[in-house]
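# Structural description and commentary
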Amino acid sequence: MEPVRKPLVADDDDFQSGYSYPRTSRMNGLLVLLGVVEALGVAAIAMVCYWTAHYRGGFAWDGSGQQFNWHPVLMVVGLVFLYGNGIIIYRFVPRLQKKKLKLAHAFIHKAAFVFAVVGLVAVFGFHNATGLPNAYSLHSWLGLGCVVLFNAQWVLGLSTYMLPFASRWIRTLFMPYHRFLGLAIFALAIAACLTGLTEKLLFSIADTYSKFAPEGILVNCLGLTLVLFGVFVGFIATKEEWKRQPLPEEQPINMSIE
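So, here is what we can say about the structure in this document. No experiment lies behind these values; they were computed from the predicted model shown.

## Brief notes about the side chain of Gln-67
Residue placement: Gln-67 occurs in helix 2 (residues 65-68). Classification of Gln-67 as buried rests on a relative accessible area of 5%. Polar contacts involving the side chain of Gln-67 include one to the main-chain amide nitrogen of Asp-62, which spans 3.3 Å. Within the structure, the side chain of Gln-67 is placed 2.7 Å from the backbone nitrogen of Gly-63, a separation counted as a polar contact. Among all residues touching Gln-67, those that are not within four sequence positions of it are Ala-60, Trp-61, Asp-62, Val-121, Ala-122, Gly-125 and Phe-126.

Listed below in structure tokens is the structure:
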């Protein structure tokens, strides 16, 4: 009779070990979706850069509207493009060692946070220089809440999964919440972008927006691109059959019990 094999040592990071290309024909679907996500992300960055450069006067750091233009660009790059790629990094390089994937995951998210902070400095500096009030709109509430929650999530993730403080059962207990909060905050970031884009258009081209002004059409397309990017990131991140499988050296140790 074949002996029963039970794990002697469990993989304490199994819940966070990331994701891998499945060894099935569905791998092609994952690769296509990853390509679509990157294309959408690059398109969103190109559109927000073109919008601010062509229609809004370019960039500066002098308290003018050109300083404000850094805000949408940095937020799209940081809290959408980098954040989304940080979420699905395990799908991109499943053969990389788990510890290196964790470092990449943490680094990309911290880079996203830095971009977001600089974007906030840009818009607050513009408001203060021009005498505009701060943090009164729904957009600003969503954006500030997103940045605060994002950093709190990053600190909790670092202390739980990167530093040797948390026990195995705490890591296992927290992982579903870590995943859920990551996607929820990502959705909040896209919502903040959409409200911010609409707010800027209403402030800038209120008279022509309803007449399908080219600037309005461009920004509407940018918003749709951000939504599609978020939808595909969420789909890839929650597709169970695309979860990364542990590498051979990461497999738990087994002992035969006669």
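What follows picks up the thread again.
## Remarks on unusual backbone geometry
Unusually for a residue other than glycine, Ala-135 sits at a positive phi of about 55 degrees. Positive phi, close to 60 degrees, is recorded for Phe-212, a residue that is not glycine. With respect to the element layout, Phe-212 can be found in the loop between helix 8 (206-209) and helix 9 (214-238).

## Describing helix 6 (residues 138-162)
Between its first and last C-alpha atoms helix 6 spans 35 Å; for 25 residues at 1.5 Å apiece the expected length is 36 Å, and the two agree. Along helix 6, the residues classified as buried are His-139, Ser-140, Gly-143, Cys-146, Val-147, Phe-150, Gln-153, Gly-157, Thr-160 and Tyr-161.

Basis of the calculations
- Residues numbered from 1 in each chain as written.
- Predicted model: local features only at pLDDT ≥ 70, side-chain atom pairs only at ≥ 80, totals over all residues.
- Heavy atoms only, no water.
- Helix = DSSP H or I, 4+ residues; strand = E, 2+ residues; numbered from the N terminus.
- Buried < 20%, exposed > 50% of the residue type's maximum accessible area, 1.4 Å probe, protein only.
- Polar contact = N/O pair within 3.5 Å; in protein donor to acceptor, adjacent residues only side chain to side chain.
- Contact = heavy atoms within 4.5 Å.
- Expected span 1.5 Å × (residues − 1).

These figures capture arrangement, not role.
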